There are 4 protein chains.
Amino acid sequence: MKKTSIKSIIEDADSVYGRIFDLFIQVLIIVSIVSFSISTIPTINTQLYLILELIQVITVLIFSLEYLLRIIVADKKLKYIFSFYGIIDLISILPFYLTVSLDLRSLRAFRLLRLFRLFKAVRYVKAVERYRKAFNTIKSELLIFAIATVFLIYLSSIGIFYFENSAQPENFSSIFDSMWWSVATLTTVGYGDVYPITTGGKIFTFFILMVGLSVVAVPAGLFATALQEAHKSE
Amino acid sequence: MKKTSIKSIIEDADSVYGRIFDLFIQVLIIVSIVSFSISTIPTINTQLYLILELIQVITVLIFSLEYLLRIIVADKKLKYIFSFYGIIDLISILPFYLTVSLDLRSLRAFRLLRLFRLFKAVRYVKAVERYRKAFNTIKSELLIFAIATVFLIYLSSIGIFYFENSAQPENFSSIFDSMWWSVATLTTVGYGDVYPITTGGKIFTFFILMVGLSVVAVPAGLFATALQEAHKSE
Amino acid sequence: MKKTSIKSIIEDADSVYGRIFDLFIQVLIIVSIVSFSISTIPTINTQLYLILELIQVITVLIFSLEYLLRIIVADKKLKYIFSFYGIIDLISILPFYLTVSLDLRSLRAFRLLRLFRLFKAVRYVKAVERYRKAFNTIKSELLIFAIATVFLIYLSSIGIFYFENSAQPENFSSIFDSMWWSVATLTTVGYGDVYPITTGGKIFTFFILMVGLSVVAVPAGLFATALQEAHKSE
Amino acid sequence: MKKTSIKSIIEDADSVYGRIFDLFIQVLIIVSIVSFSISTIPTINTQLYLILELIQVITVLIFSLEYLLRIIVADKKLKYIFSFYGIIDLISILPFYLTVSLDLRSLRAFRLLRLFRLFKAVRYVKAVERYRKAFNTIKSELLIFAIATVFLIYLSSIGIFYFENSAQPENFSSIFDSMWWSVATLTTVGYGDVYPITTGGKIFTFFILMVGLSVVAVPAGLFATALQEAHKSE
């Protein structure tokens with residue numbers, strides 16, 4: 001088999017073999033992720049664990065082979081190595097080789113970065129294109145909202161620290177601890193692990209939520225409206 | 001009574017008798033559902049329980065009769081049997097007969113599927129039509145969001161597992177357990193049964209929420225905007 | 001003073017005395033509500049409690065006098081008595097007289113219905129007019145969403161009852177108990193008093209939330225869009 | 001150096017030295033805030049605490065010098081002193097001098113008001129301008145929603161007090177305590193520290209949420225739509 005035909009299989013998603021290759025890699029990514037997920041269950045028996053380990057070794061070897069092939073067939077090898085997908089491909093296999101000798105098993109989670117490869121499959125779908133367009137329209141708005149959210153979280157952390165620190169020194173021990181409360185409250189998640197108990201803190205929470213809800217929920221609304229605009233303009 | 005007139009009563013919702021028949025079935029569905037719901041209360045006395053059981057037996061018998069009649073009067077019997085409503089009609093009565101002999105009482109809940117029959121009553125309402133139109137416009141967007149949500153939940157499960165597994169091995173025992181946290185957090189439900197306690201996990205939660213809120217809440221916004229468009233275009 | 005001039009003071013909000021009368025009643029409503037709220041605090045001393053009781057007796061007497069006057073000056077007495085505000089005026093004073101003899105103190109809360117009188121003050125504000133217009137535009141959509149929400153809550157109650165009843169018989173003891181979970185979950189409030197613990201229940205929660213979030217949050221979006229339309233059309 | 005050149009450095013953000021001066025103050029604000037935040041951590045050692053205190057003394061001294069310079073170079077001294085930024089500048093340094101002698105350390109948190117100075121840096125950014133425009137469009141709508149929210153919170157407080165007071169006298173001891181429940185519920189935060197346990201209270205919660213969700217979440221949607229309009233009109 002000539003290098004050019006291997007090249008077309010790996011890089012050209014439009015050819016028949018290229019499609020099969022892409023699909024094979026995508027299925028393998030899902031197999032790798034599912035087997036990794038199952039292997040984290042502490043109650044599975046040793047036999048199943050070994051099988052899952054074996055699957056992971058095999059998938060990483062195939063991914064390594066794919067990585068080497070991609071370098072070999074690339075016209076500009078350095079460009080691929082330092083491209084977004086090139087770096088992801090490397091990061092997703094590197095931890096495996098490092099953890100053979102070292103005790104860095106948790107690094108293996110990096111293989112999930114391979115998930116981004118799945119995005120390639122939807123790259124040409126029209127609706128995805130619409131999302132990219134909508135995202136570009138509101139990019140600067142989203143940035144400002146991110147800044148406003150950080151600002152709001154800091155402000156409310158100072159405020160709640162001032163009100164609750166003396167009443168609940170263990171939950172609101174510092175500004176940084178209070179930030180955790182701010183995140184859980186302004187996003188309306190409200191786990192209930194920390195909450196104000198003083199009257200001042202409760203009134204402060206009311207006011208910060210009145211302002212906060214109008215800030216934190218806006219990006220989703222912006223996205224929806226921009227998406228609709230992109231839809232109409234077609 | 002001729003077969004054709006029974007046919008018109010059962011199938012033709014526009015005739016007077018057809019309307020009465022439809023209304024009778026709809027009232028019966030609600031009676032069946034309410035009596036089923038009440039019968040699940042563990043503290044009701046035996047007498048009431050027997051009355052509710054009786055109501056359920058009678059309603060199922062009527063629904064069975066209706067099902068048979070619908071098959072008899074249908075021009076294309078197989079088409080009805082395998083149609084959406086045909087299957088629902090069967091599933092909603094079948095469990096009753098199975099549970100007479102077997103201990104599969106929980107299957108009786110399938111009778112609630114009859115609720116879908118109620119939708120027939122609103123089928124021709126203009127606003128419902130608008131919903132269908134709005135839904136069709138954003139179908140592909142909703143699909144992408146569903147995929148993005150699943151992707152986001154998986155990503156955040158891996159992340160929180162990495163941060164919290166060693167600190168809370170009982171709550172974040174595996175990727176699948178961590179997924180439950182992801183679902184409760186990204187939807188902002190936040191029951192408070194599982195939440196991060198490490199600093200790393202809390203910072204991770206902040207970032208995942210910043211991205212997540214802009215994804216999970218978008219479908220509702222999309223729906224609202226599409227609905228408004230459908231409204232204006234009339 | 002002639003009857004006609006009293007009539008103009010009570011019914012004509014545009015005359016100088018009419019405005020003063022309206023403002024006086026509105027201030028009195030707020031005084032009545034604030035004193036009622038304070039009187040519910042269990043730790044206040046007897047002296048303050050008696051003062052608050054006195055304020056409430058006086059305000060109710062004035063409201064009673066106002067009610068009688070409104071009947072006297074009305075051209076069509078029965079029309080006023082059975083109008084929206086006529087009924088509210090009666091309900092807000094009636095419990096007071098009933099509770100003098102009977103132990104129905106809690107009925108006194110009905111006086112808060114007087115709050116609706118405050119709406120009269122904003123009746124002619126332009127932005128309020130816009131709200132009414134926006135509300136009228138989406139009335140039928142909101143109704144359908146209310147029905148869909150009730151339907152969704154019932155469906156998810158059955159589902160979670162099926163999954164969790166045997167594991168948590170005290171929290172999910174009947175369909176009606178499960179409904180409380182559905183309400184707290186689909187609105188994303190998530191108090192954390194009841195939550196699924198079985199794997200099946202958790203997966204079911206995920207799916208019901210995926211659908212539910214796109215339904216429950218839509219009315220707010222609809223309102224926002226309709227309001228913007230009403231704004232633009234001016 | 002002449003007074004006019006110092007004036008241009010301090011007041012003219014367009015000159016080279018003016019820009020450097022602005023940037024220097026902004027960096028100092030962030031240094032001051034970060035060091036303040038770290039100094040609230042109770043577990044830091046004495047040495048670090050003293051360094052952080054020193055940083056705070058130095059930054060306050062520089063801010064004081066800046067405040068005096070701004071008064072000296074201002075053409076209309078009183079106008080600056082009573083301007084928005086003039087008052088903020090004073091409030092952010094005053095607590096420091098008060099707390100040297102008095103035990104009012106918590107007042108030091110006012111220095112965070114200096115954060116508003118950071119807004120100056122983004123004042124000329126186009127997207128911020130868009131926000132201001134969007135905010136102005138919906139100002140009256142937001143006000144009405146604020147009133148409606150307060151009204152709704154009061155109404156639901158009375159309601160839940162009526163249902164839960166006798167069952168949970170410690171959590172719903174007065175209307176004001178019930179308000180805390182209303183805030184946590186209507187914003188869907190749902191900490192889980194207070195929640196209804198009676199059947200009446202639960203049904204009431206359902207109805208109040210059906211109405212409340214359509215009110216509390218609207219401002220965010222309004223903002224998103226107005227922002228999109230401002231974007232399109234450019």
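Throughout, a residue's number is its position along its own chain's written sequence, starting from 1. Numbering of ligands from 1 and lettering of chains from A proceed in the order in which they are written. Per-residue local features are limited, in this predicted model, to residues with pLDDT of at least 70; the limit for side-chain atom pairs, both in listing and counting, is 80 or more; totals at the level of whole chains, interfaces and linings are taken over all residues. Remark: hydrogens and water are excluded; side-chain values derive from all non-hydrogen atoms of the structure.

1. Let's talk about the relation of the copies chain B and chain A
Right, so step 1: Mapping chain B onto chain A calls for a screw motion: a turn of 90° about the axis and a shift of 0.0 Å along it, with 0.1 Å RMSD after fitting. Those values place the two copies in the arrangement expected of a four-fold rotation axis.
Right, so step 2: What makes two residues a contact is simply this: any of their non-hydrogen atoms within 4.5 Å. An asymmetric contact is evident, with only 10% of the interface residues of chain B recurring at the interface of chain A. We place the copies in one frame by least squares, fitting the C-alpha atoms of every residue whose pLDDT is at least 70 in both.

2. A short note on helix α2 (residues 16-39) of chain B
Right, so step 1: The terminal C-alpha atoms of α2(B) lie 34 Å apart, and with 24 residues this matches the ideal 34 Å at 1.5 Å per residue to within 8%.
Right, so step 2: Buried within α2(B) are the following residues: G18(B), F21(B), I25(B), Q26(B), L28(B), I29(B), S32(B), I33(B), S35(B), F36(B), S37(B) and S39(B). Only runs of H or I of at least four residues qualify as helices and only runs of E of at least two qualify as strands under DSSP, and these elements are numbered from the N terminus. Expected helix span is computed as 1.5 Å times (number of residues minus one). Accessible area is worked out with a 1.4 Å probe on protein chains only. A residue is then buried under 20% of its type maximum, exposed over 50%, and partly exposed in between.

3. Here we look at the confidence of the model for chain A
Right, so step 1: As a per-residue measure, pLDDT tells how confident the predictor is, with possible values from 0 to 100. With 85% of its residues at a pLDDT of 70 or more, chain A has an overall mean of 81.
Right, so step 2: Across chain A, the secondary-structure element scoring lowest on mean pLDDT is helix α6 (residues 115-121) of chain A, at 61, and the one scoring highest is helix α9 (residues 175-186) of chain A, at 93.

4. Looking at the interface of chain B and chain A
Right, so step 1: If you look at the interface, chain B gives 40 residues, while chain A gives 38 residues.
Right, so step 2: With both chains or domains summed, chain B and chain A bury close to 3400 Å², and 74% of this area falls on carbon and sulfur atoms.
Right, so step 3: Considering only the surface of chain B that becomes buried against chain A, E141(B), F151(B) and Y154(B) emerge as the three largest contributors, covering 16% of it.
Right, so step 4: We define a polar contact as two N or O atoms separated by no more than 3.5 Å, with the added condition that, inside protein, one atom must be a possible hydrogen donor and the other a possible acceptor, whereas residues neighbouring each other in sequence contribute only through side-chain atom pairs. Run the count over chain B and chain A and you get 7 residue pairs in polar contact (both at pLDDT 80 or more).
Right, so step 5: Looking at the side of chain B that touches chain A, the elements with two or more residues in it are α8 (139-164), α9 (175-186), α10 (199-216) and α11 (218-232) of chain B.
Right, so step 6: Broken down by element, the residue count for the side of chain B that touches chain A peaks at 10 residues, all from α8(B).
Right, so step 7: Amino acid classes used here: Ala, Val, Leu, Ile, Met, Phe, Trp, Tyr, Cys and Pro are nonpolar; Asp, Glu, Lys and Arg are charged; the rest, including Gly, are polar. A class-by-class count of the residues in the side of chain B that touches chain A yields 25 nonpolar, 12 polar and 3 charged. Note on terms: buried area is the combined drop in 1.4 Å-probe accessible area of two parts once they are placed together, counting the loss on both.

5. A short note on α10(B)
Right, so step 1: Here α10(B) is 18 residues long and its end C-alpha atoms lie 25 Å apart, about the 26 Å a rise of 1.5 Å per residue gives.
Right, so step 2: Bend is computed residue by residue as the angle between axes fitted to the seven residues ending at the residue and the seven residues starting at it. Along its length, α10(B) shows its largest kink, about 30°, at M210(B).

6. A closer look at the interface of chain D and chain A
Right, so step 1: Counting residues at the interface gives 37 residues for chain D and 40 residues for chain A.
Right, so step 2: For the pair chain D and chain A, the two sides together bury roughly 3300 Å², of which 74% comes from carbon and sulfur.
Right, so step 3: Among the residues chain D hides against chain A, the three largest losses belong to W180(D), Y191(D) and Q228(D). Together they make up 20% of the total.
Right, so step 4: Note on definitions: salt bridges are taken to be side-chain nitrogens of Lys or Arg within 4 Å of carboxyl oxygens of Asp or Glu. Taken together, the links from chain D to chain A amount to 1 salt bridge.
Right, so step 5: Here E141(A) and R130(D) are joined by a salt bridge, their closest N and O atoms 2.8 Å apart.

7. Digging into the relation of the copies chain D and chain A
The operation linking the two copies of the chain is a rotation about an axis combined with a translation along the axis.
Right, so step 1: Note on the copies: chain D fits chain A at an RMSD of 0.1 Å, the axial shift is 0.0 Å, and the rotation between them is 91°.
Right, so step 2: Counting the interface residues of chain D, we find that no more than 11% of their copies in chain A are interface residues as well, pointing to two distinct contact surfaces.

8. Some details on the packing of helix α8 (residues 139-164) of chain A against helix α10 (residues 199-216) of chain A
Residues and elements named next belong to chain A.
Right, so step 1: Axes here mean lines fitted to C-alpha atoms, for a helix over just the part in contact, with angles spanning 0 to 180 degrees between N-to-C directions. The N-to-C vectors of α8 and α10 enclose an angle of 175°; their axes lie 10 Å apart at closest approach. Accordingly, the angle class assigned to the pair α8 and α10 is roughly antiparallel. Contacts between α8 and α10 involve F145, A148, T149, L152, L155, S156, G159, I160, F163 and E164 from the first element and G200, G201, F204, T205, I208, V211, G212, S214, V215 and V216 from the second.
Right, so step 2: Of the residues assigned to the contact of α8 with α10, the class counts are 11 nonpolar, 8 polar and 1 charged. An angle below 35 degrees is read as roughly parallel, one above 145 as roughly antiparallel, one from 65 to 115 as roughly perpendicular, and any other as oblique.

9. Describing the pattern of salt bridges
Residue and element names in this part refer to chain C.
Right, so step 1: Inspection of every chain in the model, using the stated rule, returns 8 salt bridges over all chains.
Right, so step 2: Across the pair E66 and R70 runs a salt bridge, and its minimum N-O distance is 2.8 Å. In this pair, E66 and R70 are both assigned in helix α3 (residues 46-73), 4 residues apart and thus about one turn of the helix distant. Note on accessibility: E66 and R70 belong to one class, buried.

10. Thoughts on the packing of aromatic side chains
Right, so step 1: Working definition: a ring pair exists when centres of Phe, Tyr or Trp rings (six-membered ring for Trp) sit within 6.5 Å. Plane angles under 30 degrees give stacked, over 60 give edge-to-face, the rest tilted. If you walk through the whole model with that rule in mind, you get 40 aromatic pairs over all chains.
Right, so step 2: Ring geometry for Y131(B) and F223(B): centres 6.2 Å apart, planes at 55°, overall tilted. Here the residue Y131(B) occupies a position in helix α7 (residues 126-137), and F223(B) occupies one in helix α11, the gap between them amounting to 92 residues.
Right, so step 3: Taking the centre distance of 6.4 Å and the plane angle of 35° together, the rings of F135(D) and F223(D) count as tilted. Linking F135(D) in helix α7 (residues 126-137) with F223(D) in helix α11 (residues 218-232), this pair joins segments that are 88 residues apart in sequence.
Right, so step 4: Given the relative accessible area of 12%, F223(D) is considered buried.
Right, so step 5: An aromatic cluster of three or more residues is present, and its members are Y131(A), F135(A), F223(A) and F145(B).

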